[in-house]
Amino acid sequence: MSERVISSGGLTSSERVTGTQSLEKAIDVLEFIAGAPRPGVTLADCTGVLGFSKATTQRMLLTLTRRNLLHFDEELGVYSLGMLTARLGSEYLGRIDYRRVALPALRAIVAETGETAHLGILSGADVVYIELVDSPQPVRFFSKVGDSIPAYATAIGKAILAHVPEDRLAEHLPAQLVARTVRTITDPGRLRQDLASVRERGYAIDDSENREGILGFAAPIFDHTGTACAALSVAGPTSRVSGEAGERFGGLVVDAAQGVSRALGAPEALLG
């Protein structure tokens with residue numbers, strides 16, 4: 001299991017967790033379990049990550065389990081996320097109006113191209129997919145709502161980052177741009193040049209930078225304040241999406257994103 005390092009905040013295993021520190025640690029363990037591979041994590045895993053005693057960690061896990069934020073599999077002896085996390089996540093996503101507004105555009109893109117369409121938002125240094133419509137093709141780009149991917153390596157991420165003010169761009173980039181494929185842009189200067197091209201062209205390109213053999217195109221969606229609040233994309237295998245098809249896809253996502261932006265009340269000056 002890949003282990004995420006979480007600071008113990010200076011507490012020893014014998015100290016009792018109280019107040020907001022207890023809440024922060026509970027969130028830490030939820031994030032740790034959410035990022036772990038199936039089927040889940042053991043009490044020992046959580047104890048090691050949090051740096052608390054086994055008894056303290058177990059009390060925290062029992063509380064989270066009672067509130068359905070975690071589920072404990074007695075047969076396997078592992079913890080995984082509980083049903084309440086799904087309900088909270090669903091409620092959050094359901095309140096984002098641009099999911100509802102963008103869904104017809106995503107469906108239209110898939111009908112036109114036969115490839116997978118995504119809607120994503122920027123969350124820290126990552127892009128999170130909040131809606132998608134799958135390709136009907138047997139060989140397609142597999143993803144799911146809730147997937148989180150480094151923004152710098154995706155078309156959706158670059159489409160949004162291109163419109164983030166320069167003085168805030170560092171907030172949405174990791175300290176080091178790690179290569180996800182041989183084509184990932186890992187030089188900050190080159191990335192900024194690419195983002196400038198995105199602004200000029202109107203759409204971003206993921207040229208197998210996140211996944212080998214997958215080509216994607218994305219355009220930003222602007223809200224009523226003129227902020228790039230999301231982006232929509234179309235992506236598929238390079239065996240189908242290349243050359244003239246790729247150029248056509250770029251125009252399609254721009255048109256679709258502009259339609260969604262208008263529905264959200266975006267300033268017309270941003271839409272060209």
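From a predicted model like this one, the values you see are computed outputs, not experimental measurements.

Caption draft 1: Inspection of the packing of helix 2 (residues 43-50) against helix 3 (residues 54-66) at higher detail. One can describe the packing of helix 2 onto helix 3 by two numbers: an axis separation of 9 Å at closest approach and a directional angle of 110 degrees. Here helix 2 lies roughly perpendicular to helix 3, going by the angle between them. By crossing handedness, the relation of helix 2 to helix 3 is classed as right-handed. Along the contact surface, helix 2 presents Leu43, Cys46, Thr47 and Leu50, while helix 3 presents Lys54, Thr57, Gln58, Met60 and Leu61. A class-by-class count of the residues in the contact of helix 2 with helix 3 yields five nonpolar, three polar and one charged.

Caption draft 2: Examining the packing of helix 5 (residues 97-113) against helix 8 (residues 243-263) more closely. For the pair helix 5 and helix 8, the least separation of the axes is 9 Å and the interaxial angle reads 160 degrees. If you check the angle between helix 5 and helix 8, you find them roughly antiparallel. For the crossing formed where helix 5 meets helix 8, the hand is right-handed. Seen from helix 5, the contacting residues are Val101, Ala102, Ala105, Ile109, Glu112 and Thr113; seen from helix 8, they are Arg248, Phe249, Leu252, Val253, Ala256, Val260 and Ala263. In terms of residue class, the contact of helix 5 with helix 8 is built from ten nonpolar, one polar and two charged.

Caption draft 3: Quick peek at the nonpolar core. Membership of the largest hydrophobic core comes to 29 residues, with the highest contact counts inside it found for Leu119, Phe217, Ile221, Leu232 and Val253. For this core, the elements supplying multiple residues, two or more each, are helix 5, strand 3 (116-123), strand 4 (126-133), strand 7 (214-222), strand 8 (228-237) and helix 8. Sort the elements by how many residues they give to this core and helix 5 lands first, with seven residues. Leave out the neighbours within four places in its chain, and Ile221 touches Leu119, Thr227, Ala228, Cys229, Ala230, Ala231, Leu232, Ala257, Val260, Ser261 and Leu264. Formed by 27 residues, the second largest nonpolar core is a distinct cluster that contains Ala159, Ile160, Ala204 and Ala231.

Calculation rules
- Residues numbered from 1 in each chain as written.
- Predicted model: local features only at pLDDT ≥ 70, side-chain atom pairs only at ≥ 80, totals over all residues.
- Heavy atoms only, no water.
- Axes fitted to C-alpha atoms, helices over the stretch in contact; angles between N-to-C directions.
- Helix = DSSP H or I, 4+ residues; strand = E, 2+ residues; numbered from the N terminus.
- Parallel < 35°, antiparallel > 145°, perpendicular 65-115°, else oblique.
- Left-handed = near helix turned anticlockwise from the far one by under 90°.
- Contact = heavy atoms within 4.5 Å.
- Nonpolar A, V, L, I, M, F, W, Y, C, P; charged D, E, K, R; others polar.
- Core = buried A, V, L, I, M, F, W, Y, C linked by side-chain atoms within 4.5 Å.
- Buried < 20%, exposed > 50% of the residue type's maximum accessible area, 1.4 Å probe, protein only.

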